[in-house]
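Reading the structure
Listed below are the residues making up each chain.
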2 protein chains.
Amino acid sequence: MRTEICERLGIEFPIFAFTHCRDVAAAVSNAGGLGVLGAVGFTAEQLEVELAWLDEHVQGVYGVDLVIPSKYEGKGIDGLSPEELEAKLAELVPQEHRDFAEKILADHGVPKLPEDEHHNQLLGWTATTAGPQVEVILRHPKAKLVANALGTPPEDVIKQVQDSGRLIGALCGSVKHALNHKRAGLDFVVCQGTEGGGHCGEVSSMVLWPQVIDAVGDLPVLAAGGIGNGRQVAAAMAMGAAGAWTGSVWLTVEEANVPPAQMQTYIDATSHDTVRSRAWTGKPARMLRNDWTAAWEQADTPDPLPMPLQMMVALDGVKRGHRYPEAAKDVNFNPVGQIVGMMNRVERSADVVNRLIQEYVEACERLNKLNGGA
Amino acid sequence: MRTEICERLGIEFPIFAFTHCRDVAAAVSNAGGLGVLGAVGFTAEQLEVELAWLDEHVQGVYGVDLVIPSKYEGKGIDGLSPEELEAKLAELVPQEHRDFAEKILADHGVPKLPEDEHHNQLLGWTATTAGPQVEVILRHPKAKLVANALGTPPEDVIKQVQDSGRLIGALCGSVKHALNHKRAGLDFVVCQGTEGGGHCGEVSSMVLWPQVIDAVGDLPVLAAGGIGNGRQVAAAMAMGAAGAWTGSVWLTVEEANVPPAQMQTYIDATSHDTVRSRAWTGKPARMLRNDWTAAWEQADTPDPLPMPLQMMVALDGVKRGHRYPEAAKDVNFNPVGQIVGMMNRVERSADVVNRLIQEYVEACERLNKLNGGA
């Protein structure tokens, strides 16, 4: 199942693993796939530390996923430092929203963070804050692939990355977005169906993948949304995908830095327990349905703000949920796709890669047998 | 790609075509698949006429799809004729709903039906009205397969159908429903993802199919939701499906009795233009988003009634839309799946069957090549 993009990256299997955890990224890369580290939670300085660690622990190459949205509040405000932009955007957040978020957490008894743990609020959800991350990536030769999560990356970023011999691509949830990516000269697109975790569109993988594959011609399409089993990898490859982009399944691996209580929430959830909601990031994203998502849906409560303002409201909840996952059980941020219903046990990352390959092979053999082959 | 269910039915390809049009059903059966006539629009007398026509025009066998919901208003009211049940249920429909439906149609200038075209309102959306349809089916030996659309069929219906040497199955949108079907002794399940047209659950095909296939063991699973291309058939078969259950694609074939203006609406629509709504039947169903679906979603308008009451409100709109499709362009009932975005031209039914097979073969060859085969 080695495709052209495997050749270009020098990897064995076209299995791409999006994760916020460097241990998982390293394990997948070392098992023959490509670990892709989500950079959105890190400052440039923190990202430097993570990538230095990956350089040391990855034998081959790895990728980095950025979030530079095409549309967000404050876009076009130039010449500000990340701190200045944050201060400016903070003025746009109504106190009502901050109070409502605080009330939800307080009602559920989620403790506040210690006073000395001030954190910045933007964390890479804008071009201003993601820009320094790009510079960090370019200093790390094993960081061979860059993906952007919310739209076509800026022209200068594309040029910088490609000139350095790296591949750059972007996610899409529609044919229109895929064609924008192609016109901008990206090296690949990640096409994600609505069943996927995190930011997603409305069209399902089964329907979207073939349309995007047909639309972009020879541009490699990595299939995302709903993949947690090698049968789904086979389905994607049969439809013409150049590889499988996975995310959710890496939340319940041994190496993941997901608190045990939160990991158990994922293990227990069924495919019917997710919702597409703006309640955390301001853009529609798939996550587990809980009291937090329900609270922002009521007619008599504030509507979620646009990106990145809603995350400036919600980030305290993310941090408190990570710190106190037991208390935050019903109001935690649990971004995950519908595949969560098939995530029923904790596995080692390398075992997941091997399982995906094994199940892929079995699915191909099933088809061959059906078609009168051996 | 001949599976065991093909053997049992004596058909060539496991391509099942759900349609309300006998010409389409006949064309698919005669092309090697199985045409399945949707019975919900017909009285027992009308169904008798349709099946007699099919007996004459189908060389092999065909199927019939019923709607006996597991849950509906009026269930358990025994000993009434369909007419008496209808009168009783009509009392439960608030005048406010009838007035609102009439206002939507009037605001869009959709003419009323001629006075002499009185029609009954239930049309098979209950066990009482679907019961006589079963008796009709049993009189037609070529009607070899019965499927029920909204839940496990009643025990006596299962027994009647199986004792007559026919196969009976039912649709499902969750593992739980599939297991109910298996426990009831059905011969197959049709597992439909949320992207499918008409009544559907919330979980996508990519995620749902493998879970249902694993859950029901050796019971054949026909994959539904999002299939309009042979690549999707290959994906389904690779994941372990016993066949492909299709519906939407038969709305834009030459033989379909869909008015040209409405067919054009389907041809023009993209995969982003559907919505899952209770506005026509009272249960969540996928259809094109338009002024009718939007009207019932507003906070200050009546909420859709449960099945079958909402259809008793909406049926006049269905009939008027069918009669005056130009006028009803923005308020018509257009049940269809997200695959509508790939339905871009009118084809002959037999050509669709052949195309599905051809694309299926190409997808299998793509996989083989990827795996180092010929």
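Only a predicted model underlies this, so the values are computations on that prediction, with no experimental measurement involved. (Residues numbered from 1 in each chain as written. Chains lettered and ligands numbered in written order. Predicted model: local features only at pLDDT ≥ 70, side-chain atom pairs only at ≥ 80, totals over all residues. Heavy atoms only, no water.)

Brief notes about helix α3 (residues 44–57) of chain B
Rules: Strands are runs of DSSP state E lasting at least 2 residues, helices are runs of H or I lasting at least 4, and numbering of each runs from the N terminus. The span you would expect from a helix comes to 1.5 Å times its residue count less one. Contacts were defined at the residue level, with two residues in contact if any of their heavy atoms lie within 4.5 Å.
Between its first and last C-alpha atoms α3(B) spans 20 Å; for 14 residues at 1.5 Å apiece the expected length is 20 Å, and the two agree. Buried positions along α3(B) lie against α2 (22–30), β2 (34–38), β3 (62–66) and α6 (127–138) of chain B.

A closer look at the packing of aromatic side chains
Residues and elements named next belong to chain B. Quick note on the threshold: Any Phe, Tyr or Trp ring, taking Trp's six-membered ring, that has another such ring centre within 6.5 Å forms a pair; planes under 30 degrees apart are called stacked, those over 60 apart edge-to-face, and the others tilted. Burial classes follow relative accessibility: with a 1.4 Å probe on protein chains only, a residue under 20% of its type's maximum area counts as buried, one over 50% as exposed, and anything between as partly exposed.
Inspection of every chain in the model, using the stated rule, returns 10 aromatic pairs over all chains. Between Trp280 and Phe333, the aromatic rings sit 5.0 Å apart at their centres with planes inclined by 35°, giving tilted as the arrangement. With Trp280 in the loop between β10 (274–277) and β11 (285–288) and Phe333 in the loop between α13 (309–323) and α14 (349–370), this residue pair connects regions lying 53 residues apart in the sequence. The two residues Trp280 and Phe333 agree in class, both being buried. With centroids separated by 5.8 Å and ring planes inclined at 45°, the aromatic side chains of Trp292 and Trp296 adopt a geometry described as tilted. Here the residue Trp292 and the residue Trp296 both occupy positions in helix α12 (residues 291–297), the gap between them amounting to four residues, near one helical turn.

Describing the pairing of β3(B)
Residues and elements named next belong to chain B. How we decide: DSSP bridges decide pairing: two strands pair if at least two such bridges lie between them. Viewed with both strands pointing away, a crossover whose connecting path from the first strand over the helix to the second turns clockwise is right-handed.
In terms of burial, β3 is largely enclosed, as five of its five residues are buried. Where β2 and β3 come together, three bridges link them in parallel fashion. Note that in β3 the partner of Val36 across the bridge is Gly63. For the segment spanning β2, α3 and β3, crossover handedness is right-handed. As judged from the five bridges shared by β3 and strand β4 (residues 143–148), these two strands associate in the parallel manner. The residue of β4 that forms the bridge with Tyr62 is Ala143.

Notes on the interface of chain B and chain A
Spelled out, the test is: Buried area counts how much accessible surface, traced with a 1.4 Å probe, disappears from two parts once they are put together, with both parts' losses summed. The term salt bridge refers to a side-chain nitrogen of Lys or Arg lying within 4 Å of a carboxyl oxygen of Asp or Glu. Contacts described as polar in this section are N or O atom pairs within 3.5 Å, which, within protein, must combine one atom able to donate a hydrogen with one able to accept it, while residues neighboring in sequence count only if both atoms come from side chains.
On the side of chain A, 42 residues touch chain B, which itself brings 42 residues to the contact. In this assembly, chain B packs against chain A so that about 3,500 Å² is buried in total across both faces, 59% of it on carbon and sulfur atoms. On the chain B side of the contact with chain A, Met206(B), Arg231(B) and Leu370(B) bury the most area, a combined 19% of that side's loss. At the boundary of chain B and chain A, one finds four salt bridges. Of the charged contacts in the structure, one is a salt bridge between Arg289(B) and Glu202(A), with a shortest N-O distance of 3.9 Å. At the boundary of chain B and chain A, one finds 21 residue pairs in polar contact (both at pLDDT 80 or more). Sorting the residues of the side of chain B that touches chain A by element identifies α9 (205–216), α10 (230–238) and α14 of chain B as the ones contributing at least two each.

Brief notes about the pattern of salt bridges
All chains considered together, the criterion is met by 31 salt bridges over all chains. For Glu359(A), the salt bridge goes to Arg355(A), with nearest N and O atoms at 3.1 Å. Of this pair, Glu359(A) and Arg355(A) both sit in helix α14 (residues 349–370), four residues apart, which is roughly one turn of the helix. Exposure class is identical for Glu359(A) and Arg355(A). Each is buried. The closest approach of N and O atoms between Arg348(B) and Asp351(B), which form a salt bridge, is 3.6 Å. Residue classification places Arg348(B) among the partly exposed residues on the basis of a relative accessible area of 39%.

Re the relation of the copies chain B and chain A
Using the following cut-off: Only residues with pLDDT of at least 70 in both copies contribute their C-alpha atoms to the least-squares superposition of the copies.
Least-squares fitting of chain B to chain A yields an RMSD of 0.0 Å, with the transformation described by 0.0 Å of translation along the axis and a rotation of 180°. Put plainly, the chains are arranged around a two-fold axis. Nearest to the rotation axis, the C-alpha of Ala235(B) is located 2.0 Å from it, this being the minimum over chain B. With an isologous cut-off of 70% or more, the 100% of interface residues of chain B that recur at the interface of chain A puts this contact in the isologous class.

Some thoughts on the packing of helix α9 (residues 205–216) of chain A against α10(B)
We count it as follows: Axes here refer to lines fitted to C-alpha atoms; in helices the fit is confined to the stretch in contact. Angles between the N-to-C directions go from 0 to 180 degrees. Angles are sorted into four bins: roughly parallel if under 35 degrees, roughly antiparallel if over 145, roughly perpendicular if 65 to 115, and oblique for all others. For any pair of crossing helices, the crossing counts as left-handed if the nearer helix is rotated counterclockwise from the farther one by less than a right angle, and right-handed if it is rotated clockwise. The nonpolar class holds Ala, Val, Leu, Ile, Met, Phe, Trp, Tyr, Cys and Pro. Asp, Glu, Lys and Arg form the charged class, and all remaining residues, Gly among them, are polar.
Packing of α9(A) against α10(B) leaves a shortest axis separation of 10 Å and a crossing angle of 130°. In this view, α9(A) runs oblique relative to α10(B), as classed from their interaxial angle. The handedness of the crossing between α9(A) and α10(B) comes out as right-handed. Counting all contacts with α9(A), which are made through Met206(A), Val207(A), Pro210(A), Ile213(A) and Asp214(A), the residues of α10(B) involved are Arg231(B), Gln232(B) and Ala235(B). Partitioning the contact of α9(A) with α10(B) into residue classes produces five nonpolar, one polar and two charged.

Focus: the sheet that holds β3(B)
Consider a sheet: its strands pair through backbone hydrogen bonds, and that pairing is either parallel or antiparallel. Residues and elements named next belong to chain B. One closed barrel accounts for eight strands, arranged β1-β2-β3-β4-β5-β6-β8-β9; its pairing is parallel. Here the strands of the sheet are splayed against their neighbours by 25° on average, with no regard to which way each runs. Two elements, strand β5 (residues 167–172) and strand β6 (residues 188–192), share four bridges in a ladder whose sense is parallel. From the neighbouring strand, Leu171 faces β6, where its bridge partner is Val190.

Here we look at the state of the cysteines
To keep things clear, this is the line we draw: We call a pair of cysteine sulfur atoms a disulfide whenever their separation is within 2.5 Å.
Within the structure shown, the criterion is met by zero disulfides over all chains. Unpaired in terms of disulfides, Cys6(B) finds its nearest cysteine sulfur in Cys364(B), a separation of 14 Å.

Thoughts on the pairing of strand β5 (residues 167–172) of chain A
Residues and elements named next belong to chain A. Across the six residues that make up β5, a large majority, six, are buried. Covered by surrounding structure in β5 are Leu167, Gly169 and Leu171 together with Ile168, Ala170 and Cys172, the residues of both alternating faces. In the sheet, strand β4 (residues 143–148) pairs with β5 via four bridges, with the strands oriented parallel. Opposite Val146, over in β5, you have Ile168 as the bridge partner. Handedness of the crossover joining β4 and β5 through helix α7 (residues 155–163) is recorded here as right-handed.

Considering the confidence of the model for chain A
Operational definition: Every residue is assigned a pLDDT by the predictor, reflecting its confidence on a scale from 0 to 100.
Scored by pLDDT, chain A comes out at a mean of 94, with 97% of its residues at no less than 70. Here the predicted complex scores 0.95 on pTM and 0.94 on ipTM.

Regarding unusual backbone geometry
Residue Pro308(A) follows Met307(A) across a cis peptide bond; omega there is 0°. On the secondary structure map, Pro308(A) appears in the loop between α12 (291–297) and α13 (309–323).

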